[in-house]
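# An overview of the molecular structure
Listed below, chain by chain, are the residues.
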Amino acid sequence: MVEAEGLTKVYEGGVLAVDGVSFSVAEGEIFGFLGPNGAGKTTTIKMLVTLLRPTGGSARVCGHDVVGSPNLVRRCVGIVFQDPALDRELTGRENLDYHARMYGLPREIRERRIGEVLDLVGLRERADWPVKRYSGGMMRRLELARGLMHYPRVLFLDEPTLGLDAQTRRAIWDYILTLKREEGVSIFLTTHYMEEADRLCDRVAIIDRGRILVSGAPGDLKSGLGGGGVLIARTPDPDGLAAVVGDLWGGARVTLGEGEVVAYVDDPGRRVPDLVRAADSAGVPLDSVEIRRPSLEDVYLRYTGRRIREEEASPAEVMRARMRARMRGR
Ligand SMILES: Nc1ncnc2c1ncn2[C@@H]1O[C@H](COP(=O)(O)OP(=O)(O)OP(=O)(O)O)[C@@H](O)[C@H]1O
Ligand SMILES: [Mg+2]
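Since the model is a prediction, treat every value here as computed from it, not as a measurement. (Residues numbered from 1 in each chain as written. Chains lettered and ligands numbered in written order. Predicted model: local features only at pLDDT ≥ 70, side-chain atom pairs only at ≥ 80, totals over all residues. Heavy atoms only, no water.)

## Topic: the overall build of the chain
Heads up, the rule is: Each helix is a run of DSSP H or I of at least 4 residues and each strand a run of E of at least 2, with the numbering of both proceeding from the N terminus. Accessible area is worked out with a 1.4 Å probe on protein chains only. A residue is then buried under 20% of its type maximum, exposed over 50%, and partly exposed in between. Only heavy atoms enter the contact rule, under which two residues are in contact if any of them lie within 4.5 Å. For accessible areas, the Shrake-Rupley method is used with a probe of radius 1.4 Å. Any residue's cover is judged against the shown protein chains and nothing else. Two residue types count as positive, namely Lys and Arg, and two as negative, namely Asp and Glu; His and chain ends fall outside the count. In this description, the location of a charge corresponds to atom NZ of lysine, CZ of arginine, CG of aspartate or CD of glutamate.
A count of helices and strands for the chain gives 12 helices and 14 strands. Principal-axis analysis of the C-alpha atoms gives the chain an extent of 75 × 40 × 40 Å. The proportion of buried residues among the 330 residues of the chain is 49%. Considering only contacts within the chain whose residues lie at least 6 apart along the sequence, 71% involve residues at least 24 apart. Surface accessibility of the chain: about 15400 Å² in total, with carbon and sulfur atoms responsible for 47%. The averaged location of the 48 negative side-chain charges in the chain is 5 Å from the averaged location of its 48 positive side-chain charges.

## Describing the sheet that holds strand E8 (residues 186-191)
How we decide: When DSSP finds two or more bridges between two strands, those strands count as paired. Lines fitted to C-alpha atoms define the axes, with helix axes restricted to the stretch in contact, and inter-axis angles between N-to-C directions lie between 0 and 180 degrees.
Here we have 6 strands laid out as an open sheet, ordered E6-E7-E8-E3-E9-E10, and mixed in their pairing. Only two strands of the sheet have a single partner each, and these edge strands are strand E6 (77-80) and strand E10 (211-216). Sheet twist, expressed as the mean angle between neighbouring strand axes with direction ignored, is 15°. Direction of pairing for strand E9 (residues 203-208) relative to E10: antiparallel, over a ladder of 5 bridges. Counted as the bridge partner of Val-204 is Gly-216 from E10. Most of the contacts of helix H11 (residues 296-304) go to E9, to which it runs at about 40°, and overall it touches strand E3 (30-34), E9 and E10.

## Focus: the pairing of strand E12 (residues 253-257)
Two elements, E12 and strand E13 (residues 260-265), share 5 bridges in a ladder whose sense is antiparallel. Directly across from Thr-255, in E13, lies its bridge partner Val-262. Hairpin connection between E12 and E13: a loop of 2 residues separates the two successive antiparallel strands, and Gly-259 in this loop has a positive phi of roughly 70°.

## Structural notes on the coordination of the magnesium ion (ligand 2)
Defined as follows: Any nitrogen, oxygen or sulfur atom within 2.8 Å of a metal ion counts as a donor, with the limit raised to 3.2 Å for Na, K and Ca, and since water is left out, coordination shells can look unfinished.
At the metal site, the magnesium ion (ligand 2) is ligated by Thr-42 (OG1) and Gln-82 (OE1), and these contacts range over 1.9 to 2.2 Å. Residue Thr-42 is found in helix H1 (residues 41-48), and its partner Gln-82 is found in the loop between E6 and helix H3 (92-102); the two are separated by 40 residues along the sequence. For Gln-82, a relative accessible area of 11% puts it in the buried group.

## Digging into the pattern of salt bridges
Any two side chains of opposite charge can pair, given that their charged atoms come close. Selection rule: When a carboxyl oxygen of Asp or Glu lies within 4 Å of a side-chain nitrogen of Lys or Arg, that pair is called a salt bridge.
Scanning the entire structure with this criterion turns up 25 salt bridges. Its salt-bridge partner being Glu-29, residue Arg-203 comes within 2.7 Å of it at the nearest N-O pair. Taken as a pair, Arg-203 in strand E9 and Glu-29 in the loop between strand E2 (16-25) and E3 lie far apart in primary sequence, 174 residues in all. Between Arg-292 and Asp-298 there is a salt bridge; the shortest N-O distance is 2.8 Å. On the basis of relative accessible area, Asp-298 is assigned to the buried category, the value being 0%. Where salt bridges share partners, they join Arg-234, Glu-260, Glu-290, Arg-292 and Asp-298 into one cluster.

## So, the side chain of His-150
Note the cut-off: Here a polar contact is recorded for every N or O atom pair within 3.5 Å, except that within protein the pair must consist of a potential hydrogen donor and a potential acceptor, and residues adjacent in sequence are included only if both atoms are side-chain atoms.
Mapped onto the fold, His-150 is located in the loop between helix H5 (136-148) and strand E7 (154-158). Since its relative accessible area comes to 9%, His-150 is described here as buried. At 2.7 Å, the side chain of His-150 forms a polar contact with the backbone oxygen of Val-77. Non-local contacts of His-150, meaning those with residues more than four positions away in its chain, are made with Arg-74, Arg-75, Val-77, Gly-78, His-99, Tyr-103 and Leu-105.

## Thoughts on the packing of aromatic side chains
The way to describe two aromatic rings as a pair is by their centre distance and the angle between their planes. Filter applied, for reference: Aromatic contacts are taken between Phe, Tyr and Trp rings whose centres are within 6.5 Å, Trp giving its six-membered ring; a plane angle under 30 degrees counts as stacked, one over 60 as edge-to-face, and the others as tilted.
According to the stated counting rule, one finds 7 aromatic pairs in the structure shown. Seen in terms of ring centroids, Phe-23 and Phe-31 are 5.3 Å apart; in terms of plane orientation they differ by 10°. Their pairing is stacked. Phe-31 matches Phe-23 in its accessibility class, with the two residues each being buried. Between the aromatic rings of Phe-23 and Phe-188, the centroid separation amounts to 5.5 Å while the plane-to-plane angle is 35°, which identifies the pairing as tilted. Here the residue Phe-23 occupies a position in strand E2, and Phe-188 occupies one in strand E8, the gap between them amounting to 165 residues. Comparing Phe-23 with Phe-188 shows no difference in burial state: the two are buried.

## Some thoughts on the state of the cysteines
The test is simple: Two cysteine sulfur atoms make up a disulfide if the distance between them is within 2.5 Å.
Going through the model one piece at a time under the given rule, you end up with 1 disulfide. Here Cys-62 pairs with Cys-76 through a disulfide, and the sulfurs are 2.1 Å apart. Disulfide Cys-62-Cys-76: torsion about the S-S bond near 95°, hence right-handed. One end of the pair, Cys-62, is in the loop between strand E4 (56-61) and strand E5 (64-65); the other, Cys-76, is in helix H2 (residues 70-76), with 14 residues separating them in the sequence. Considered together, Cys-62 and Cys-76 belong to a single accessibility category, that of buried residues. Cys-62 supplies the cysteine sulfur nearest to Cys-201, a cysteine that is in no disulfide, at a spacing of 19 Å. We classify Cys-201 as buried; its relative accessible area is 6%.

Dropping the structure here:
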């Protein structure tokens, strides 16, 4: 449904936002871009939905070239933007109807389809409320419904749960899985939430500074770390501790994080006593030791050498959150 080959965007002024990404999204699949602020996620989506012209490479959506046949591409895609874009004075139903008219859906189909998409996102009872009385999660659900109105074959979701609380986020995940199941639509989504990528995506690509570092099914990425488990040791002296780990378990793969050493090993629980003893005799202080099954976050750390700090919003994100709060308060 989506095929990108060396897709590239250099903005005016020379910012290389997307640096030759290649990937494909199969029919009925949820494919995700997981990456931090500024990674190039939104820029990629904008090129795929023909809002931005690539400066290099190519992409086809539903078999149509995004540069050569933009109108055919637009007809087959649904989009939910990163920033909310609803008319707050109109009701939910009116927002959907307006969108459907823009796509030229005839009246009888419009009315039936509005009912269908409202049911999909559980908003039928609130359909005739003005959107300004909706909660943030309800607005997001209405945007999902709107993205589906014209029967798109591919739905693009740019950070579908950004800024929502954990409970609302989980509810949105359920709706996204429902619409994948019931509409058979292919979904390309972006996120910087590890758990979101893990829960929703059949396949995920980790993107950083415009490049795909690795891609695959979340389960394969996790088992590709080697070892059956993860041992995370926090210390003021990561280099010293990495040397200790190297001496103990020569073959183990190790990643150095900020103030921590992460080792991918079999049966990590059994190894904790050895590590504590060895660190002690090497004079390397340990703050804490944690063991767990590998998560997508470990995959991310392994390939980027960093963690995504979910709580630490970028200035742009803080501004967006403020705008959302202001819009809700109006
Ligand atoms: N119109 C523009 N002109 C110049 N540079 C831009 C423009 N839009 C984005 N950029 C830059 O391109 C890079 C990628 O931005 P993009 O918005 O695609 O990232 P993102 O992964 O969506 O980030 P976020 O998680 O914050 O939404 C960033 O360095 C950004 O500053
Ligand atoms: Mg973005």
